[in-house]
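What the coordinates show
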Amino acid sequence: VKQGSIAVRVLGSLSVILICCVLLGACSQQTLVLEPASVAAGRMLVDRSQYEEAEAHFESLLDSARSANDELLTATCLKWLGNIELVYRREDVALDYYQQSLDILEELTAAGGTGTPTLAFDEKKNVQNNIGTIHTNRTEFGEAEKMFRDVLAYDRKRGELLPIAVSLYNLGLLEYSKTI
């Protein structure tokens, strides 16, 4: 009986999550897109610190994305390859991956219409924050501030409090970094 009730609660919870996702997509000006399973598989490798396997996964996925002209997936793979490069402390290589990703994401989000997936905007913010963090670490404060302020402007436009708080934290950390 306990296993059955747990299964019912899990299925009920999944139903609520699915309904919330549908409502978020319906209420948003952008199309809701969940992370593709292929990206999630690579992310799990990174989460398990299997960086060589993750790098090979994202390089292969990047080739497939480029062949299929899937710009969002291409940008996402480039972002993850940048993340992996940061693990190895190769900031220049990471920055190159991030910039390639950002260039694609800026094109995808430029129109900002209802056909643009929400994931594109979220990936763009993530990449900008990563670039800003690298510039902060290098004491390139002007470049870092530009990235963080762009993210804050977008967060304020959407009016979601947690992302606004994260953006303000990043800017505060930048200001603190200037003093040390």
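Throughout what follows, the structure given in this document is the object of discussion. (Residues numbered from 1 in each chain as written. Predicted model: local features only at pLDDT ≥ 70, side-chain atom pairs only at ≥ 80, totals over all residues. Heavy atoms only, no water.)

1. What about the environment of Ala54?
The condition is simple: Under the DSSP-based scheme used, a helix requires at least four consecutive residues in state H or I and a strand at least two consecutive residues in state E, with every element numbered from the N terminus. Only protein chains enter the accessibility calculation, which uses a 1.4 Å probe. A residue is then buried if its area is under 20% of the maximum for its type, exposed if over 50%, and partly exposed in between. The contact rule is simple, with two residues in contact once any of their heavy atoms fall within 4.5 Å.
Within the secondary structure, Ala54 sits in helix H3 (residues 51-67). Taking relative accessible area as the criterion, Ala54 reaches 0% and is therefore assigned buried. A C-alpha to C-alpha distance of 7.9 Å links Ala54 and Ile84, two positions 30 residues apart in sequence. In contact with Ala54, not counting residues within four places along its chain, are Gly42, Leu45, Val46 and Ile84.

2. Section: a nonpolar patch on the surface
Condition: The patch calculation keeps residues exceeding 30% relative accessible area without a salt bridge and links them within 9 Å when they carry like charges or within 5 Å when they are nonpolar (Val, Leu, Ile, Met, Phe, Trp, Tyr). Only the protein chains shown count as covering a residue, and every accessible area follows the Shrake-Rupley method with a 1.4 Å probe. Criterion for a salt bridge: a side-chain nitrogen of Lys or Arg within 4 Å of a carboxyl oxygen of Asp or Glu.
A surface patch of nonpolar side chains, about 490 Å² in accessible area, is lined by Tyr169, Leu173, Tyr176 and Ile180. Tracing the backbone through its elements, the reader meets Tyr176 in helix H8 (residues 161-179).

3. Observations regarding the packing of aromatic side chains
Just so we agree on the cut-off: Aromatic rings from Phe, Tyr and Trp, taking only the six-membered ring of Trp, are treated as a pair when their centres fall within 6.5 Å; an angle between ring planes under 30 degrees marks them as stacked, one over 60 as edge-to-face, and anything in between as tilted.
Counted by the stated rule, this structure contains three aromatic pairs. Each ring, one from Tyr51 and one from Tyr88, has its centre 6.3 Å from the other, and the planes form 75°; the classification is edge-to-face. Here the residue Tyr51 occupies a position in helix H3, and Tyr88 occupies one in the loop between helix H4 (71-87) and helix H5 (91-109), the gap between them amounting to 37 residues. Judged by its relative accessible area of 32%, Tyr88 falls in the partly exposed class. Here Phe58 and Trp80 contribute two aromatic rings whose centre-to-centre distance is 5.7 Å and whose plane-to-plane angle is 5°, an arrangement assigned as stacked. Separated by 22 residues along the polypeptide, Phe58 in helix H3 and Trp80 in helix H4 bring together distant segments of the chain. Take Phe58 and Trp80: they sit in the same class, and that class is buried.

So, to be careful, I would describe these as geometric facts and stop short of saying anything about function.
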